[in-house]
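As a plain string of letters, each chain reads:
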Amino acid sequence: MKDSIKIFLYKIIQSSQVILALVVSLCFRAKRTRVAIGANDICRNVESWGKSVQGSFTVNLGTPGKLRNHAGKYEFSNPFQNKIPAHLFKAISGPILLGYLSKRCHTFIYFGEPGFCLHQADQREKELYFLKSQGIKIVCVFVGSEIRSIQKGMVLERKNNRIGISTIMEKQLSADQVKENEARCKVLAKVTNRFSDLAINCESDSPSYLQKPINKFFYPTQIISPKKNKKKWEKYKIPIVLHSCTNPFIKGTEIVRQAAARLKKENHKFEYIDAVRCPHQELMEFLDQAHIVLVQFYCVAPGLLTVEALHRRCAVMTSASCKYNSALPRGADKAWFVTNKNQVYDHLKKLLLKPRLAKQYAYQGYHFATKHFSYKYAEKEIHSLLKTL
């Protein structure tokens, strides 16, 4: 009963928001020369894509916060830290901005599930209909759990004979929660299939109900100077090992902690930094010092932290592998030390005992990142996709 009332209220609010967007749009003449990117940032994708797409207008209506996925600069952002003021600000400014941008932008690029208006009632259906009715192109980019079908993911993981993120999530959630997630993902995919001109999703890592997704992912990142971060390898004495994530349960944090504790007990000398849920700026400072970075051990996509660590000349351990992910650029398996959840202890020990091997991965990874994970590379790839619209 409560859920029904909640959905009913969502529908009323959302309908009012779309009507407000329509009224605002009627106040402006169409002069569509830009590309809107938003509306909530996820892992700084909105910010980084904004630097790779010419004529972009970046929007982050999510709570700014201190976590790494909100530490960006945008042309329009939510100024409130607290939840209630932030939601109220988005509820009012979102539809106004949607109406204005519908007359200034020829393309809207959405990241994840949220929109400019309340999305919970229909997964953006009314909002996307409003844009489509004006002839605006729509691109939907998904980054993981918001579109991932746990059921499809488990089938894929069984096929590949591996325990992955879907298996872990199925154990973490109740049967009702898995069922709700599946229903939500189906509606989100159905709306995306109907209205989007392009849907981008790494199906190898996040299997979905999307009909024709582009199996790609982009992590546009600023290239770090070749001279920076060399000294930490030239003055290599006591290695610094780092682990960071925002969701310890699905990233393998407990496995990392157990491996680090076991190696410490065996008298291996290294400094361990546990930077779980660490503010982004502080994390970047840690990466500048770190020699070995342990990222995640259930996913088959590298994640933003992997890319940031590669750019800072760190030897990276992660489960991302070309064997299971066809979207990875050629040579990715040599850019980092491919490590599944059962190999964390052995692989970390190997890098601690063989500093030259760790340095080799760090330097190979740096050159790989500058080639495949830069603004320049992303600009070329994204531009070629947008040209197909």
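Before reading further, recall that the structure is shown in the block above.
Residues numbered from 1 in each chain as written. Predicted model: local features only at pLDDT ≥ 70, side-chain atom pairs only at ≥ 80, totals over all residues. Heavy atoms only, no water.

### Concerning the overall build of the protein chain
What the protein chain contains, in helices and strands, is 16 helices and eleven strands. Over its C-alpha trace the protein chain gives a radius of gyration of 22 Å, about what one expects of a compact globule, namely 21 Å for 389 residues. Its C-alpha atoms put the protein chain at 70 × 45 × 40 Å along the principal axes. Classification of the 389 residues of the protein chain by burial places 54% in the buried group. Long-range pairs, those at least 24 residues apart, make up 68% of the contacts in the protein chain between residues at least 6 apart in sequence. Roughly 18800 Å² of accessible area belongs to the protein chain as shown, and the carbon and sulfur atoms make up 54% of that amount. Measuring between centres, the 62 positive side-chain charges of the protein chain sit 5 Å from its 30 negative side-chain charges. (Helix = DSSP H or I, 4+ residues; strand = E, 2+ residues; numbered from the N terminus. Rg over C-alpha atoms; globule rule 2.2 N^0.38 Å. Buried < 20%, exposed > 50% of the residue type's maximum accessible area, 1.4 Å probe, protein only. Contact = heavy atoms within 4.5 Å. Areas by Shrake-Rupley, 256 points an atom, 1.4 Å probe, with all protein chains shown as cover. Lys, Arg positive; Asp, Glu negative; His and termini not counted. Charge placed at Lys NZ, Arg CZ, Asp CG, Glu CD.)

### Topic: the pattern of salt bridges
Here the structure, examined in full by the defined rule, presents 14 salt bridges. Here Arg44 and Glu47 are joined by a salt bridge, their closest N and O atoms 3.3 Å apart. Since its relative accessible area comes to 16%, Arg44 is described here as buried. For Glu47, a relative accessible area of 9% translates into the label buried. Ionic pairing is found between Arg194 and Glu125, a salt bridge with its closest N-O pair at 2.8 Å. With a gap of 69 residues between them, Arg194 in helix H7 (residues 175-195) and Glu125 in helix H4 (residues 125-132) connect regions that are remote in the sequence. (Salt bridge = Lys/Arg side-chain N within 4 Å of Asp/Glu carboxyl O.)

### As for the environment of Ile163
Secondary-structure assignment places Ile163 in the loop between helix H5 (150-159) and helix H6 (165-172). Taking the C-alpha atoms as reference, Ile163 lies 8.6 Å from Lys341; in sequence the two are 178 residues apart. Beyond its immediate sequence surroundings of up to four residues, Ile163 is in contact with Glu157, Ile168, Tyr298 and Lys341.

### Here's the deal with the pairing of strand S10 (residues 315-318)
Residues Ala315 and Met317 of S10 are buried on one face, and the alternating residues Val316 and Thr318, pointing to the opposite face, are buried as well. Of the pairings in the sheet, the one linking strand S9 (residues 292-294) to S10 comprises three bridges and is parallel in character. Residue Ile292 lies in a different strand from S10, and its bridge partner there is Ala315. After leaving S9, the chain enters helix H12 (residues 303-311) and then returns to the sheet as S10, a path that is right-handed. Note that S10 and strand S11 (residues 337-338) share two bridges and pair parallel. Pairing of Met317 across the sheet is with Phe337, part of S11. (Pairing = 2+ DSSP bridges. Right-handed = clockwise from strand over helix to strand, strands pointing away.)

### Here we look at the sheet that holds strand S7 (residues 240-243)
Across the sheet, which stays open at both edges, the five strands sit in the order S8-S7-S9-S10-S11 with parallel pairing between neighbours. Looking at which strands have only one partner, the edges of the open sheet turn out to be strand S8 (271-274) and S11. Of the strands in this sheet, S7, S9, S10 and S11 are in contact with helix H14 (residues 344-353), which crosses S9 at around 170°. (Axes fitted to C-alpha atoms, helices over the stretch in contact; angles between N-to-C directions.)

### Quick notes on H4
What sets the pattern is the α-helix's 3.6 residues per turn: residues three or four places apart point alike. Those residues of H4 that sit buried are Glu127, Leu128, Phe130 and Leu131. Taken down its axis, H4 places every buried residue within 150° of arc, on the same side. (Arc of directions from axis to C-beta.)

### Concerning the side chain of Ser204
By the secondary structure assignment, Ser204 is in the loop between strand S6 (198-200) and helix H8 (231-234). Assessed through its relative accessible area of 15%, Ser204 is described here as buried. In this structure, Ser204 is in contact with Leu156, Asn215, Val300, Tyr324, Asn325 and Ser326, ignoring residues within four places of it in sequence.

### Brief notes about the environment of Thr58
By the secondary structure assignment, Thr58 is in strand S2 (residues 56-60). For the pair formed by Thr58 and Phe76, sequence separation is 18 residues and the distance between their alpha carbons is 6.5 Å. Look past the residues within four positions of Thr58 in its chain and what remains in contact with it is Ile37, Val46, Gly50, Lys73, Tyr74, Glu75 and Phe76. Engagement of the side chain of Thr58 in a polar contact is seen with the backbone nitrogen of Glu75, the distance being 3.1 Å. (Polar contact = N/O pair within 3.5 Å; in protein donor to acceptor, adjacent residues only side chain to side chain.)

### Some thoughts on the sheet that holds strand S3 (residues 76-77)
Pairing between sheet strands relies on hydrogen bonds along the backbone, with the strands arranged either parallel or antiparallel. Strand order in the open sheet made by the six strands is S3-S2-S1-S4-S5-S6, with parallel pairing throughout. Only two strands of the sheet have a single neighbouring strand rather than two, namely S3 and S6. Across five bridges, strand S4 (residues 105-111) lies against strand S5 (residues 137-141) in parallel orientation. Counterpart to Tyr110 in the pairing with S5 is Cys140.

### Points about the packing of aromatic side chains
Here the structure, examined in full by the defined rule, presents 15 aromatic pairs. Each ring, one from Phe217 and one from Tyr219, has its centre 5.4 Å from the other, and the planes form 55°; the classification is tilted. Per residue, the accessibility class of Phe217 equals that of Tyr219, and both read buried. Taken together, the ring pairs in this structure connect Phe217, Tyr219, Trp336, Phe368 and Phe373 into an aromatic cluster. The ring of Phe270 carries the charged tip of Lys264 above its face, separated from the ring centre by 4.7 Å. (Phe/Tyr/Trp six-rings, centres within 6.5 Å; stacked < 30°, edge-to-face > 60°. Lys NZ or Arg CZ within 6 Å of the ring centre and 35° of its normal.)

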